[in-house]
Amino acid sequence: MKLIMQNGRLLDPAAGRDLTADLYVNNGFICAPFQPDSNTNIIDAGGKLVTPGLVDMHVHLREPGFEYKETIATGTAAAARGGFTGVACMPNTDPVTDNRVAVEYINKRTQEAGQVRVYPVGAITRGSQGKELAELADMREAGAAAFSDDGQPVTDAGLMRRAMRYCTMLGAAIISHCEDKSLAGGGVMHEGAYSTILGLKGVPASAEEAMVARDIILAGETGCPLHIAHISTAGSVCLVREAKKRGVKVTAEVTPHHFTLTDRAVGDFNTNAKVNPPLRGEADVQAVREGLADGTIDAIATDHAPHSFDEKNVEFDLAPFGLVGLETAVGLVWTELVQTGILTPLQAVQKLSCNPARILGIAGGTLAEGAPADITVIDPLFEETVNPNNFAGKSRNTPFTGHRLKGLPVLTIVAGEIKYRRQ
Amino acid sequence: MYKHKDLLGIREMSAEEIGFLLDTAGPMKEIIKRQIKKVPTLRGKTVVTLFYENSTRTRGSFELAAKYLSADSINMSGSSSSVAKGESLYDTGRTLQSLGADVIVLRHPMPGAPRLLARSVKAAVINAGDGAHEHPSQALLDMFTVREKKGGLAGLRVVIVGDIMHSRVARSNIWGFTKMGAEVRVCGPSTMIPVGLEETGVQVFHQMDQALDGADVIIMLRIQKERQQQGLFPGLREYSRLYGLNRRRLELAAGDALVLHPGPMNRGVEIAADIADGSQAVIEEQVTNGVAVRMALLYLLTGGGAQ
């Protein structure tokens with residue numbers, strides 16, 4: 001199938017390009033200009049931004065095991081609606097993605113039902129129990145893009161150090177969920193004046209920072225590429241910034257909820273604002289925004305974590321952590337970061353596409369000829385109020401209901417095929 | 001006027017609403033003092049006390065308040081009911097509503113549980129204590145007691161001493177007394193003062209002698225022994241030495257200072273026996289006033305005083 005995207009503003013950070021031009025696609029790849037024929041699909045992208053397909057490197061697809069929350073079919077449909085052409089899915093399914101068969105199962109289900117590309121992340125330890133290494137090399141051969149015990153920290157520092165050493169020969173990054181459980185102390189929201197007012201147990205910033213510091217030290221010593229998942233505090237941003245200056249191979253991601261909302265969003269015990277790490281204070285939100293602007297934070301990822309209505313319709317202490325993010329991410333990036341001048345459109349695309357692709361070591365993140373035709377079109381003027389009933393995903397647990405977003409994905413193309421088109 | 005469906009916390013109340021509730025409790029106290037302590041006001045109304053935590057005085061207080069007003073009341077406990085079988089609070093609330101409950105009085109170990117219940121049912125919900133969040137009827141009875149003795153609340157220096165971090169009584173009293181124009185001080189070990197408490201408008205002390213200087217009202221909190229196992233303080237001996245109210249310390253306060261305690265007391269730990277039984281203690285009156293305040297709440301939340 002042939003396709004020409006006309007008159008769009010091409011944002012291609014990999015090539016440093018930002019210009020209005022036509023983009024040509026043939027047979028699933030971006031190609032040299034050609035003359036259209038009767039089979040050519042011509043799309044007018046005038047006034048819109050044409051970017052390399054966006055990659056969300058932190059998503060929970062919940063299959064296998066929790067299909068009532070999300071499936072590979074519904075999660076990738078949500079991704080397509082959110083402008084993402086690829087997602088990395090975390091291994092905390094049931095069973096845990098900690099062996100070759102589990103990785104192959106995800107790949108098989110993606111072929112059968114996936115709307116976008118799926119990059120499985122394998123567990124670092126068997127069952128993500130933090131006791132012994134999983135078969136990392138075997139999973140790597142089967143297609144695991146990176147390794148993480150996301151949702152659970154690797155508490156044993158010696159084990160984390162061995163995992164990093166092992167990964168250096170696999171060419172895969174370790175994605176670390178940084179949380180010292182003894183400091184987190186069973187907390188359910190950010191420790192601050194608002195947790196004090198609500199009487200909820202707080203998670204101090206040190207719970208994250210102590211483990212960010214530990215993992216940076218281990219990454220420096222082992223040479224393993226380390227990626228800090230869902231960074232949330234000012235102190236963590238400082239640690240990553242300083243480590244990068246020293247040449248440690250460390251990267252970091254932040255979620256849209258952590259650069260948009262503070263702990264005040266918990267409001268009147270709103271369980272849809274219960275997330276781990278918790279929504280932090282005002283100074284932390286400012287710090288992650290600065291970290292995005294100065295390049296300390298490489299990627300924006302959603303930590304899309306679907307939960308059913310009934311699971312969230314309980315006491316705050318009992319509700320599971322997590323919120324859905326795939327279908328609000330681009331709108332939040334444009335509304336909160338691009339329109340406010342914190343990021344240029346080119347930088348935003350870098351953090352949503354090129355950098356995640358580079359960290360995961362996957363193709364994509366470019367509009368160069370010969371690259372897979374994974375393309376996202378964003379209308380910077382399209383405005384919408386978030387209504388979870390319109391979500392393509394299975395779950396509705398968002399704290400952004402009613403938020404006005406400006407700048408939304410309108411077209412998602414994977415391997416030359418249109419997977420989503422906003423009406 | 002009090003125009004809300006529920007009573008969930010003092011934080012969301014205005015000074016006018018608090019004053020109105022205290023005014024309404026006055027005549028209720030008269031009823032309790034009568035030979036025949038019963039009026040027909042709430043005949044045909046049903047009050048359910050739903051307690052997920054052990055409590056004798058709060059529960060008994062609400063039950064008697066309902067009975068003195070002629071409401072029908074039943075008890076449900078978290079341990080003996082369907083809750084033990086894993087029923088959600090939402091489903092329990094819907095069941096009680098179907099049984100005809102007009103008011104549900106909820107005691108729950110988790111902050112925000114009454115808000116969840118209030119969103120789930122049409123019945124009025126009264127928070128009888130939710131974790132470390134709020135215990136509004138306790139704060140109202142404390143304010144009622146102080147107002148009755150002092151004639152007003154504005155300008156008083158109120159000192160709350162003890163484990164502030166885990167205390168819903170402290171939080172509700174902080175909101176209540178500050179809204180009514182009192183100066184509130186809190187005092188306790190630094191491991192039991194929650195982060196950012198100053199933002200509620202209180203002054204934080206760690207030296208009890210300093211905190212008590214010129215105090216008009218002293219509210220002593222119960223120290224829970226399990227906090228010692230959590231490593232929040234080294235032991236009762238040291239705690240009592242630093243934060244126990246004794247004769248010498250009471251003399252640092254104003255000469256006519258009142259001593260309150262929400263109960264149950266640890267005599268000899270946070271409060272010396274001679275103070276608990278002394279002339280400045282109003283601990284037993286707090287209990288009586290608690291019934292009056294809860295009668296006022298039940299009356300107002302079932303539509304009384306609407307005209």
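Quick notes on the rules
- Residues numbered from 1 in each chain as written.
- Chains lettered and ligands numbered in written order.
- Predicted model: local features only at pLDDT ≥ 70, side-chain atom pairs only at ≥ 80, totals over all residues.
- Heavy atoms only, no water.
- 1 Å grid on protein atoms, 1.4 Å probe; cavity = no way out; pocket = protein on both sides within 12 Å on 5 of 7 lines; lining within 4 Å.
- Points joined across faces, edges and corners; volume = space filled by probe spheres on them.
- Helix = DSSP H or I, 4+ residues; strand = E, 2+ residues; numbered from the N terminus.
- Nonpolar A, V, L, I, M, F, W, Y, C, P; charged D, E, K, R; others polar.
- Domains from an automatic or database assignment.
- Contact = heavy atoms within 4.5 Å.
- Buried area = accessible area lost by both parts, 1.4 Å probe.
- Salt bridge = Lys/Arg side-chain N within 4 Å of Asp/Glu carboxyl O.
- Pairing = 2+ DSSP bridges.
- Axes fitted to C-alpha atoms, helices over the stretch in contact; angles between N-to-C directions.

## Regarding empty space enclosed by the protein
Residue and element names in this part refer to chain A. All chains considered together, the criterion is met by seven cavities of 30 Å³ or more. In this structure, the largest cavity is lined by Arg81, Glu327, Thr328, Glu384, Thr385, Val386, Asn387, Asn390, Phe391, Leu405, Leu408 and Arg422. Where the lining of the largest cavity is concerned, the elements lending two or more residues are β16 (375-385) and β17 (404-414). Grouping the amino acids of the lining of the largest cavity by side-chain chemistry returns four nonpolar, four polar and four charged. Residues lining the lining of the largest cavity come from more than one domain, with at least three contributed by each of domain 1 (2-49 + 372-421) and domain 2 (53-360).

## Some thoughts on the domain arrangement of chain A
All names here are of chain A. The domain boundaries assigned to chain A delineate domain 1 (2-49 + 372-421) and domain 2 (53-360). Domain 1 and domain 2 are separated by 25 Å when their C-alpha centres are compared. Taken together, the contact between domain 1 and domain 2 spans 40 residues of the former and 45 residues of the latter. Approximately 3,400 Å² of surface area, both sides summed, lies buried where domain 1 meets domain 2, with 63% of it carried by carbon and sulfur atoms.

## A word on the interface of chain B and chain A
Contacts between chain B and chain A engage 21 residues on the former and 18 residues on the latter. Together, the buried faces of chain B and chain A total about 1,600 Å²; carbon and sulfur atoms form 59% of this surface. Linking chain B with chain A are one salt bridge, by the criterion used here. Notably, a salt bridge pairs A:Asp268 with B:Arg115, separated by 2.7 Å at the nearest N-O pair.

## What about the sheet that holds strand β5 (residues 157-161) of chain B?
All names here are of chain B. Read from one edge of the open sheet, five strands run β7-β6-β5-β8-β9, paired in parallel fashion. A single partner strand is all that each edge strand has here, and the edge strands are β7 (203-205) and β9 (258-260). When the angles between neighbouring strand axes are averaged without regard to direction, this sheet yields 20 degrees. Two strands pair when backbone bridges link them, and β5 and strand β6 (residues 183-187) are joined in this way by five bridges, in the parallel orientation.

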